[in-house]
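# Per-entry structural report
Each chain, letter by letter, is given below.
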Amino acid sequence: MKIPKIKGIIDRRILINYQVDKEVLENYLPKPFKPKLVNGKGIAGICLIRLKEIRPKGLPKQIGISSENGAHRIAVEWNENGKIKEGVYIPRRDTSSTLNSLAGGIIFPGIHHLADFDVNESDGNHKVAFISDDKTSLSILANETDSWNEESVFENLNCVSDFFENGSIGYSPDKNDFDGLELKAYNWKVSLLDVKKVQSSFFENTDIFPKGTVKFDNALLMKDIEHEWIGLKKIKTANII
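Presented here is a report on the structure given in the accompanying data block. Note that this is a predicted model, so its numbers are computed, not measured.

Calculation notes
- Residues numbered from 1 in each chain as written.
- Predicted model: local features only at pLDDT ≥ 70, side-chain atom pairs only at ≥ 80, totals over all residues.
- Heavy atoms only, no water.
- Helix = DSSP H or I, 4+ residues; strand = E, 2+ residues; numbered from the N terminus.
- Buried < 20%, exposed > 50% of the residue type's maximum accessible area, 1.4 Å probe, protein only.
- 1 Å grid on protein atoms, 1.4 Å probe; cavity = no way out; pocket = protein on both sides within 12 Å on 5 of 7 lines; lining within 4 Å.
- Points joined across faces, edges and corners; volume = space filled by probe spheres on them.
- Nonpolar A, V, L, I, M, F, W, Y, C, P; charged D, E, K, R; others polar.

## What about unusual backbone geometry?
Leaving glycine aside, a negative phi is the common case for residues, and trans is the common case for peptide bonds. Residue Pro32 is reached from Lys31 by a cis peptide bond, and omega for that bond is 15°. Tracing the sequence through the fold places Pro32 in the loop between helix H1 (22-28) and strand E2 (34-35). Of note in this structure, Asn81 is not a glycine but carries a positive phi near 55°. One can find Asn81 in the loop between strand E5 (65-80) and strand E6 (83-95). In this model, Asp123 sits at a positive phi of 50°, which is unusual for a non-glycine residue. With respect to the helices and strands, the residue Asp123 is situated in the loop between strand E7 (112-122) and strand E8 (125-132). In this structure Asp123 comes out as exposed when scored by relative accessible area, which is 76%.

Following this line, the structure appears as structure tokens:
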């Protein structure tokens, strides 16, 4: 079943991005996905997104729901009907919403793990953390900045902004298929975060990412973005050429 169109507001979205050795991602990603590279490095990370007024398109915003959510993402490319597509593969999703966790794969793509979120944001400072039902955890402490990380694999803020705007399609695993969702932002604007501390049990798992194969690259902030989530047809492995 195709996931319905969902409308709402991205109240806050933090993108924590890592550069990862391509061989590691090639071994981790399921077919048909391959890592999308920037200067020879794969790009992966976590999206921390607070949504509000979320409801099926056409319904009044008064019935919409709000939630804190986390998505682990890997930038990917794949061949679909002879054309190269780009987006993100999302191996796991976490949410503060019981409804979201129950509706995963029906209204929202993929399994959603129920998690406890701890959020404290004010005066340009952002402290966000969660721990999920299976003990997956993440925390970040950051403040808004104009300074660019010179060790980034991206040349500048415009380059990384274009990279993620172009990769607006996401696929999540669902048994042998992949649920698809496209983010259509009515206004796209990102700014920089200076990260003081970041911890991710996923990216610090040396069974997946051996020591020295993953490195923090940058963190971005988006605020007050009106948008739609557009459900896409499932990708079936057998249909990819």
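## Here's the deal with empty space enclosed by the protein
Under the criterion given, the structure shown has two cavities of 30 Å³ or more. Estimates place the volume of the second largest cavity at around 40 Å³. In terms of lining residues, the second largest cavity is bounded by Ile16, Asn17, Ile43, Ala44, Gly45, Ile46, Arg73, Ile74, Ala75, Val88 and Phe164. With four residues, strand E4 (residues 41-56) is the largest single contributor of residues to the lining of the second largest cavity. Per-class residue counts for the lining of the second largest cavity are eight nonpolar, two polar and one charged.

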